[in-house]
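Below are the chains, spelled out letter by letter.
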Amino acid sequence: MNMKDIAKMVNVSPATVSRVLRQPNLVNKETREKVLKTIKELNYQPHMIASQFRTKKTKSILVLIPDISDPFFAQVLRGIEHTAVKHGYKVLLGDTENNVQREFIGLLFQKQVDGVILLTARVDEENLREISSQFPMVLACEYSELLDIPTVSIDNISSARKITEHLITLGHKRIAHITGPMDVIISRDRLIGYKQAMMIHDLKIESAYIQEGSQGIESGYNQMIKLLSLDHLPTAVFVFNDEMAIGAIKAIKDSGMRIPDDIAIVAFDNLKISSLLEPSITTIHQPKYEMGKKAMTLLLKLINGENLTKKKYIMQDELIVRESSRGENNCLKV
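The rules behind each value
Residues numbered from 1 in each chain as written. Predicted model: local features only at pLDDT ≥ 70, side-chain atom pairs only at ≥ 80, totals over all residues. Heavy atoms only, no water. Helix = DSSP H or I, 4+ residues; strand = E, 2+ residues; numbered from the N terminus. Contact = heavy atoms within 4.5 Å. Polar contact = N/O pair within 3.5 Å; in protein donor to acceptor, adjacent residues only side chain to side chain. Salt bridge = Lys/Arg side-chain N within 4 Å of Asp/Glu carboxyl O. Buried < 20%, exposed > 50% of the residue type's maximum accessible area, 1.4 Å probe, protein only. Phe/Tyr/Trp six-rings, centres within 6.5 Å; stacked < 30°, edge-to-face > 60°. Lys NZ or Arg CZ within 6 Å of the ring centre and 35° of its normal. Axes fitted to C-alpha atoms, helices over the stretch in contact; angles between N-to-C directions. Parallel < 35°, antiparallel > 145°, perpendicular 65-115°, else oblique. Left-handed = near helix turned anticlockwise from the far one by under 90°. Nonpolar A, V, L, I, M, F, W, Y, C, P; charged D, E, K, R; others polar.

A count of helical and extended segments in the protein gives 13 helices and 13 strands. Considering only contacts within the protein whose residues lie at least 6 apart along the sequence, 69% involve residues at least 24 apart.

Okay, here's the thing in structure tokens:
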């Protein structure tokens, strides 16, 4: 049983069957359903190797993620996957553990994938520059100042400034910041945004109030313990992300203090768990799913040889105010 046989049974052209398999959105619903029903009944399996020879495409893409255990990336990956499947593509996932290994990039040179989406900028930029000149590549969530490749992210400086100013409008003056690892560009950007807000409002930036973390709940706990050991405690803390904020909240509770009465907490990412904790966490929402969709859409354009008139896409963030910074049960969007 081949594609011509399927087409004959459904009374369509082989090209239509091919489109149903590879670009189903281009075929009307009635025809698409007839073709798919026949394929399912006959258990038809397309000959992918022969297809690759004809189209010179694998219909697969590679997504490199810095840490598969980080819940932030789940919705980004879902946006990529949904868009990929809609266009007949499969997604291969590579967990780099913050180190893009050569065997992953080797999939491009071996023609096993048609392009790559990077969810991390923590790579050798010189090598990436060379690779991006030869293969379709998109960077999402983070960005690189030195690479001229399509990028999808939020404005981390502006977002960090916004959430710090939220604390300032509540009357806080002694505001601390638990950063992410400073070899990551978005950690540096969020620190810049925090400092900008403090300077704009003529508030003193205490060096002891800035503690560098390494991401994760344990890191947030440890850095918060350091802040709690100071003689003059901060009244509010901006934490790099929600995961670290969970650790910071536990440290405050373990010390017998209350949130936000004694110390207010705000963070970043708007993970699902941030609305379920007690107290729920004030946070910056990143449009994770939409970022994944946009990254995949851009990669498809590159794979198809389209010229991109715009390469930098800044997605809209949102400040979600919850109990950890104002002690109320309802959620206010700003």
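Checked against the element boundaries, serine 324 lands in helix α13 (residues 323-326). Engagement of the side chain of serine 324 in a polar contact is seen with the backbone oxygen of isoleucine 265, the distance being 2.5 Å. At 2.8 Å, the side chain of serine 324 forms a polar contact with the backbone nitrogen of threonine 282.

Time to look at the pattern of salt bridges. Within this structure, the stated rule accounts for 6 salt bridges. Residue aspartate 148 is joined to lysine 311 by a salt bridge in which the shortest nitrogen-to-oxygen separation is 3.4 Å. With aspartate 148 in the loop between β4 (137-140) and β5 (151-154) and lysine 311 in the loop between α12 (288-303) and β11 (312-315), this pair connects stretches of sequence that are 163 residues apart. By relative accessible area, which is 31% here, lysine 311 ends up partly exposed. With its nearest N and O atoms 3.7 Å apart, the salt bridge here joins aspartate 262 to arginine 258.

In this structure the tally under the stated criterion is 2 aromatic pairs. Look at phenylalanine 72 and phenylalanine 73: their rings are 5.2 Å apart centre to centre, the planes differ by 80 degrees, and that puts the pair in the edge-to-face class. Residue classification places phenylalanine 72 among the buried positions, given a relative accessible area of 5%. Relative accessible area serves as the criterion here: at 5%, phenylalanine 73 is assigned to the buried category. The ring of phenylalanine 240 carries the charged tip of arginine 190 above its face, separated from the ring centre by 4.5 Å. Between arginine 190 and the ring centre of phenylalanine 268, over which it is positioned, the NZ or CZ distance is 3.7 Å.

Another point: the packing of helix α8 (residues 156-169) against helix α9 (residues 185-200). Look at α8 against α9: their axes get within 7 Å of each other, and the N-to-C directions meet at 40 degrees. With respect to α9, the axis of α8 lies oblique. Handedness of the crossing formed by α8 with α9: right-handed. In contact with Asn156, Ile157, Ala160, Arg161, Thr164, Glu165 and Ile168 of α8, α9 contributes Ile186, Asp189, Arg190, Ile192, Gly193, Tyr194, Gln196, Ala197, Met198 and Ile200. Here the residues of the contact of α8 with α9 sort into 9 nonpolar, 4 polar and 4 charged.

On to the packing of helix α5 (residues 73-86) against α12. Two numbers describe how α5 lies on α12: the axes approach to 6 Å, and their chain directions differ by 40 degrees. Judged by the angle between their axes, α5 and α12 are oblique. Handedness of the α5/α12 crossing: right-handed. Residues Gln75, Val76, Arg78, Gly79, Ile80, His82, Thr83 and Ala84 of α5 form the contact with α12, whose participating residues are Lys288, Tyr289, Gly292, Lys293, Met296, Thr297 and Leu300.

Glancing now at the side chain of serine 60. Of note, serine 60 is situated in strand β1 (residues 60-65). Contact partners of serine 60, with chain neighbours within four places excluded, come to Tyr89, Lys90, Gln112, Val113, Asp114 and Gly115.

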